[in-house]
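Examining the three-dimensional arrangement
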Amino acid sequence: MEAESVVPEGPDVAPVEQEPLFRNLDIFLFSLIIGQLIYWLTTVVTPQRETSFIEKMKKTNRNMVVFYGSQTGTAEEFCGRLAKDAQRYGMSGMSADLEENDMSELPRLVEIDNSLAVFCMATYGEGDPTDNAQDFYDWMQETDEELNRVNFAVFGLGNKTYEHFNAMGKYTDKRLEELGGRRIYDLGMGDDDGNLEEDFVSWKEQFWPAVCEHFGVEATGDDTSIRQYELVFPTDINMNKVYTGEMGRLKSFETQKPPFDAKNPYLATVAVNRQLNQAGDRHLMHLELDISGSQIRYDSGDHVAVYPMNDVSIVNRIGQILDADLDTVISLNNLDEESNKKHPFPCPTTYRTALTHYLDITNPPRTNVLFELAQYATDPKDQDILRKMASASPEGKGLYQSWVLDAQRNILAVLEDMPSLHPAIDHLCELLPRLQARYYSIASSGKVYSNMVSICAVVVEFQTSTGRSFKGVATNWLKNKVVVTDNGHKATVPMYVRKSQFRLPFKASNPVVMIGLGTGIAPFMGFLQERGWMKEQGKDVGETILYFGCRHRNQDFMYQQELEEFEKVGVLTQLNVAFSRDQEEKVYVQHLLKKNNEHLWKLIHTDNAHIYICGDARNMARDVQNAFYDIAEEVGGLTHTQAVVYIKKLMTKGRYAQDVWS
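Nothing here was measured: the structure is a model prediction, and the numbers come from that model. (Residues numbered from 1 in each chain as written. Predicted model: local features only at pLDDT ≥ 70, side-chain atom pairs only at ≥ 80, totals over all residues. Heavy atoms only, no water.)

**Overview of the overall build of the chain**
Filter applied, for reference: Runs of H or I in DSSP of at least four residues are treated as helices and runs of E of at least two as strands, each being numbered from the N terminus. Taken over C-alpha atoms, the radius of gyration is set against a globule rule of 2.2 Å times the number of residues to the power 0.38. Should any heavy atoms of two residues lie within 4.5 Å, those residues are counted as being in contact. All accessibility values rest on the Shrake-Rupley procedure with a 1.4 Å probe; residue burial counts only the protein chains present in the view. Counted as positive: Lys and Arg. Counted as negative: Asp and Glu. His and the chain ends are not counted at all. By convention, the point assigned to a charge is CZ for Arg, NZ for Lys, CD for Glu and CG for Asp.
For the chain, the count of helices and strands is 21 helices and 23 strands. What you see for the chain is a C-alpha radius of gyration of 28 Å, in line with the 26 Å of a compact globule of 662 residues. Taken over the C-alpha atoms alone, the chain extends approximately 90 × 75 × 65 Å along its principal axes. Considering only intrachain contacts with a sequence separation of at least 6, the fraction spanning at least 24 residues in the chain is 75%. For the chain, the accessible area works out to roughly 32,200 Å², and carbon and sulfur atoms hold 49% of it. Distance from the positive charge centre (66 side chains) to the negative charge centre (94 side chains) of the chain: 2 Å.

**A short note on the sheet that holds strand S14 (residues 438–441)**
Here is the rule: The criterion for strand pairing is that DSSP finds at least two bridges linking the strands in question. Helix axes use the C-alpha atoms of the stretch in contact, all axes being lines fitted to C-alpha atoms, and the angles between their N-to-C directions lie in the range 0 to 180 degrees.
If you walk across this open sheet you meet the six strands as S14-S11-S18-S9-S10-S15, and the pairing is antiparallel. Taken across any chain shown, the strands that pair with only one partner, and hence form the sheet edges, are S14 and strand S15 (452–458). Here the strands of the sheet are splayed against their neighbours by 40 degrees on average, with no regard to which way each runs. Both strand S11 (residues 303–306) and S14 contribute to a ladder of four bridges, which runs antiparallel. When the bridges of S14 are listed, Val-304 appears paired with Tyr-440.

**Quick look at the sheet that holds strand S22 (residues 610–616)**
Pairing between the strands of a sheet comes from backbone hydrogen bonds, and it takes one of two forms, parallel or antiparallel. With parallel pairing, five strands are arranged side by side in an open sheet as S21-S20-S19-S22-S23. Across the chains shown, the open sheet's two edge strands, defined by having one partner strand only, are strand S21 (574–579) and strand S23 (656–661). Along the sheet, successive strands turn relative to each other by an average axial angle of 10 degrees, direction set aside. Of the pairings in the sheet, the one linking strand S20 (residues 544–550) to S21 comprises six bridges and is parallel in character. Paired with Cys-550 across the strands is Phe-579, a residue of S21. Along the sheet face, helix H15 (residues 522–536) touches strand S19 (512–517), S20 and S22 and points at about 150 degrees away from the line of S19. Packing against the sheet, helix H19 (residues 597–605) makes contact with S19, S20, S21 and S22, and its axis sits at approximately 130 degrees to S20.

**A word on the nonpolar core**
Generally speaking, soluble globular proteins have nonpolar side chains that are buried together. Formally: Put simply, buried Ala, Val, Leu, Ile, Met, Phe, Trp, Tyr and Cys residues joined by side-chain atoms within 4.5 Å make one nonpolar core. Burial classes: relative accessible area under 20% of the type maximum marks a residue as buried, over 50% as exposed, and values in between as partly exposed (1.4 Å probe, protein chains only). Where each domain begins and ends is defined by an automated method or by a domain database.
Among the nonpolar cores identified, the biggest contains 45 residues, and Ile-318, Leu-355, Ile-361 and Leu-421 are the most heavily contacted of them. Contributing elements (two or more residues each) for this core: helix H7 (312–321), strand S12 (329–334), helix H8 (351–358), helix H9 (367–373), helix H10 (380–389), helix H11 (394–406), helix H12 (411–417) and helix H13 (425–431). Residue-level mapping places this core at the junction of two domains, with at least three residues from each of domain 2 (232–239 + 309–431) and domain 3 (259–307 + 437–500). If we skip the residues at most four places from it in the chain, Ile-318 touches Leu-355, Ile-361, Ile-411, Leu-412 and Leu-428. Counting 32 residues, the second largest nonpolar core, distinct from the first, contains Leu-592, Ala-609, Ala-627 and Tyr-646.

**Side note on the confidence of the model for the chain**
Our working definition: As a per-residue measure, pLDDT reflects the predictor's confidence and takes values from 0 up to 100.
Averaged over every residue, the pLDDT of the chain is 91; the share at 70 or more is 92%. Confidence drops under pLDDT 50 across residues 1–50; counting only partners more than four residues distant or on other chains, this segment forms 16 contacts.

**Remarks on the packing of helix H4 (residues 134–142) against helix H5 (residues 167–178)**
Packed helix pairs are specified by the crossing angle of their axes together with the interaxial distance, meaning the distance between the axes. Selection criterion: Every angle not falling under 35 degrees, over 145, or within 65 to 115 is termed oblique; those three ranges are roughly parallel, roughly antiparallel and roughly perpendicular. Here a crossing is taken to be left-handed if its near helix is turned anticlockwise relative to the far helix by less than a right angle, and right-handed if that turn runs clockwise. When residue character is reported, Ala, Val, Leu, Ile, Met, Phe, Trp, Tyr, Cys and Pro are called nonpolar, Asp, Glu, Lys and Arg charged, and the others, Gly included, polar.
Two elements in contact, H4 and H5, have axes separated by 11 Å at closest approach and are oriented at 40 degrees. Here H4 lies oblique to H5, going by the angle between them. As H4 runs across H5, the sense of the crossing is left-handed. Together, Phe-136, Tyr-137, Met-140 and Gln-141 of H4 and Met-168, Tyr-171, Thr-172 and Arg-175 of H5 make up the contact between the two elements. Of the residues contributing to the contact of H4 with H5, the split by class is five nonpolar, two polar and one charged.

**With respect to the UniProt feature "binding site: FAD" (unreviewed entry) in the chain**
Our working definition: UniProt positions are given in the numbering used here, feature names are shortened, and annotations may be inferred rather than shown by experiment.
Following the UniProt record, the feature "binding site: FAD" (unreviewed entry) maps to Arg-438, Tyr-439, Tyr-440, Ser-441, Cys-456, Ala-457, Val-458, Gly-472, Val-473, Ala-474, Thr-475 and Trp-661 here. Structurally, Val-458 is set in strand S15. The partly exposed category is assigned to Val-458, whose relative accessible area is 21%. Filtering out sequence-adjacent residues up to four positions away, Val-458 remains in contact with Arg-282, His-283, Leu-284, Thr-475 and Thr-519. Along the polypeptide, Ala-474 turns up in helix H14 (residues 473–479). For Ala-474, the contacting residues outside a window of four places in its chain are Pro-308, Arg-438 and Tyr-440.

**Looking at the pattern of salt bridges**
How we decide: Here, a salt bridge means any side-chain nitrogen of Lys or Arg that lies within 4 Å of a carboxyl oxygen of Asp or Glu.
Summed over all chains, the structure comprises 37 salt bridges. For Asp-426, the salt bridge identified is with Arg-227, shortest N-O distance 2.8 Å. Placement of Asp-426 in helix H13 and of Arg-227 in the loop between helix H6 (196–215) and strand S8 (229–232) is noted, with a sequence separation of 199 residues between them. Residue Asp-426 is classed as buried on the basis of its relative accessible area, which comes to 11%. When the shortest N-O distance is used, the salt bridge between Lys-251 and Glu-254 registers 3.6 Å. With relative accessibility at 61%, the residue Glu-254 sits in the exposed group. Beyond isolated ion pairs, a larger network of salt bridges with shared partners links Glu-55, Lys-58, Glu-105, Arg-108 and Glu-111.

**Concerning the environment of Phe-524**
In this structure, Phe-524 sits in helix H15. When the C-alpha positions of Phe-524 and Tyr-612 are compared, they lie 8.8 Å apart, and in sequence the two are 88 residues distant. Not counting chain neighbours up to four residues away, the residues in contact with Phe-524 comprise Phe-502, Met-514, Ile-515, Gly-516, Leu-546, Tyr-612, Ile-613 and Cys-614.

**With respect to the packing of aromatic side chains**
What counts is decided by this rule: The rule is short: rings of Phe, Tyr and Trp, with Trp giving its six-membered ring, pair when the centres are within 6.5 Å, and they are stacked under 30 degrees, edge-to-face over 60, tilted in between.
Considering all chains together, one arrives at 27 aromatic pairs under this definition. Here Tyr-185 and Trp-203 contribute two aromatic rings whose centre-to-centre distance is 6.1 Å and whose plane-to-plane angle is 50 degrees, an arrangement assigned as tilted. On the criterion of sequence distance, the pair formed by Tyr-185 in the loop between strand S6 (182–183) and strand S7 (188–191) and Trp-203 in helix H6 is long-range, its members being 18 residues apart. Aromatic side chains Phe-557 and Phe-579 sit 5.5 Å apart centroid to centroid with 70 degrees between the ring planes, which places their arrangement in the edge-to-face category. Note that Phe-557 is positioned in the loop between helix H16 (553–556) and helix H17 (560–568) and Phe-579 in strand S21, a separation of 22 residues in sequence. For Phe-557, a relative accessible area of 7% gives the class buried.

**Focus on H7**
For clarity, the threshold we go by: By construction, the arc corresponds to the directions joining the helix axis to the C-beta atoms.
Taken together, the buried positions of H7 are Ile-314, Val-315, Ile-318, Gly-319 and Ile-321. All buried residues of H7 fall inside an arc of 165 degrees around its axis, so they share one side. Against H8, H12 and H13 lie the buried residues of H7. Note on H7: the residue one or two positions beyond its end, Asp-323, has a positive phi of about 50 degrees.

**Thoughts on the domain arrangement of the chain**
Convention followed: Note: buried area is the sum, over both parts, of the accessible area (probe 1.4 Å) each one loses when the two are combined.
Split by domain assignment, the chain resolves into domain 1 (53–215), domain 2 (232–239 + 309–431), domain 3 (259–307 + 437–500) and domain 4 (512–660). Each partner contributes to the interface: domain 1 provides five residues, whereas domain 4 provides seven residues. Note on domain 1 versus domain 4: buried area summed over both sides is about 520 Å², and carbon and sulfur give 37% of it. When residues of domain 1 are sorted by the area they lose upon contact with domain 4, Glu-126, Thr-161 and Glu-163 head the list and together hold 68% of the total.

Next comes the structure, spelled out in structure tokens:
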């Protein structure tokens, strides 16, 4: 840290009084510089808003706009499907990114006859808006503009294992009504812990009749496929202008320029890739990514996003089944020239690149994909099955659940098990969703390892009911990232850092209680490194306690040596490990918490301790929270209602933080 530059006070450094002419000139020059700076910030640094969505709707004769607040692409996908369906129901729709539009224009929607705004709102983290919906959320909170006669509907995307289930969908629906908006159909609430696709299909099956009734329009009954993009074969191909896996700027992996983010990831070299366990049937791995020279900064508790590649064998097999030359250079161009989204993925590119870098070919296809593909099945029975699975009928839902979801059939498995299905590869590429970045809690401290980001993960691989091997895209790709290849090249990973609210307390003297399960140990490795660094700086560091849960001591006790060393040198005050399957009766972290109930209550109630939970949201996080309710009741003498309120207050104050996943 650089020392502050201090100018001594006193007569020796008294300023010389300037003549008015120079003073005025200084003011003029200062004003000129400030004016130029403001211009530069607003026109160069700050991304420009797109043209008014109201004006765009008027220009293109649209009367329905579907906005999305999306973190992983699902809400954006649902939004596109609604906009595309609109013309089947007497409407003309367009999809729009909340971040790229001035939402203060929403009251002007009444200028368009029979207009409707639909919002597909995902909830991120602990009830927060997605990154692209933050400005809209702030506007909703602050505005006093009236939305009289603005018609709206909301579909929320959430997960019931999280405490604030569908918080953004609920808030948007409630707030738009408070501002005077007119709800034309009930709030839809998708649950990703159940079947999000089924929830969405069921909601829109009722939503569209409500639209028709409200606006007095009729469904066309036309179920033919509507292409959104047209296939173009570029002429005079210059391979230097063909995308080869970049997320945004062409050749961005060859000429890296900060700042690095979702559209401009940094190509980090893999410095370490080691297996953390020596026994058991699972592969636990620790990777270190070198970020030297990237200007990327991170804090303990942040997330690293990596862009994986699909399995080459799956890509090749799809090309083989569809009789396609995967190295053909193509471009898919939006038929709607006014759309902000010119292509479904970076174009021009090859089918091989699209299927390898840009498209999700591993997860089970959604129902809209099956519906659109049905037209390519030459066997009428296959056509019927595909269309039935895409319907909202109980029989169709059950068939989709069993044949697609339960059996974990990806698009390749669908093609293999329906030999009569032979879609055009360009249409398939249009329909498949984008391959998304994978997020991992960083397992290191930026203060200790400023040039390195650590990841720990479990390789996902299992047999499906059809006898196929299902392999997690990112974990298997990372597993195979050898530090130096046979030809001497260093393995690389496209990545960027996403900030988190999962933070150590500002005061190092505050006690810290960390509770993690499996790879939930990751952020706590960063916390421990940082607390150790603080001790070395001579700071007063409070108690640092870890509760860690895994199955077996000799199979998945991740970072055992490091943790025992932290305990030995006093950085880790207390190490409590629950090996759930090493004895007849299962032992979990919540059991260990209750054993230490009096000490924990003192830390929380008297010593201002901060509690951190990382891992499984469905069971562990809920069970741990219940354990803290019990501790507050048994030791603190609170009623159950008071205990719930007490823990909620800790959450509000930032003293009970969760980094969990379903």
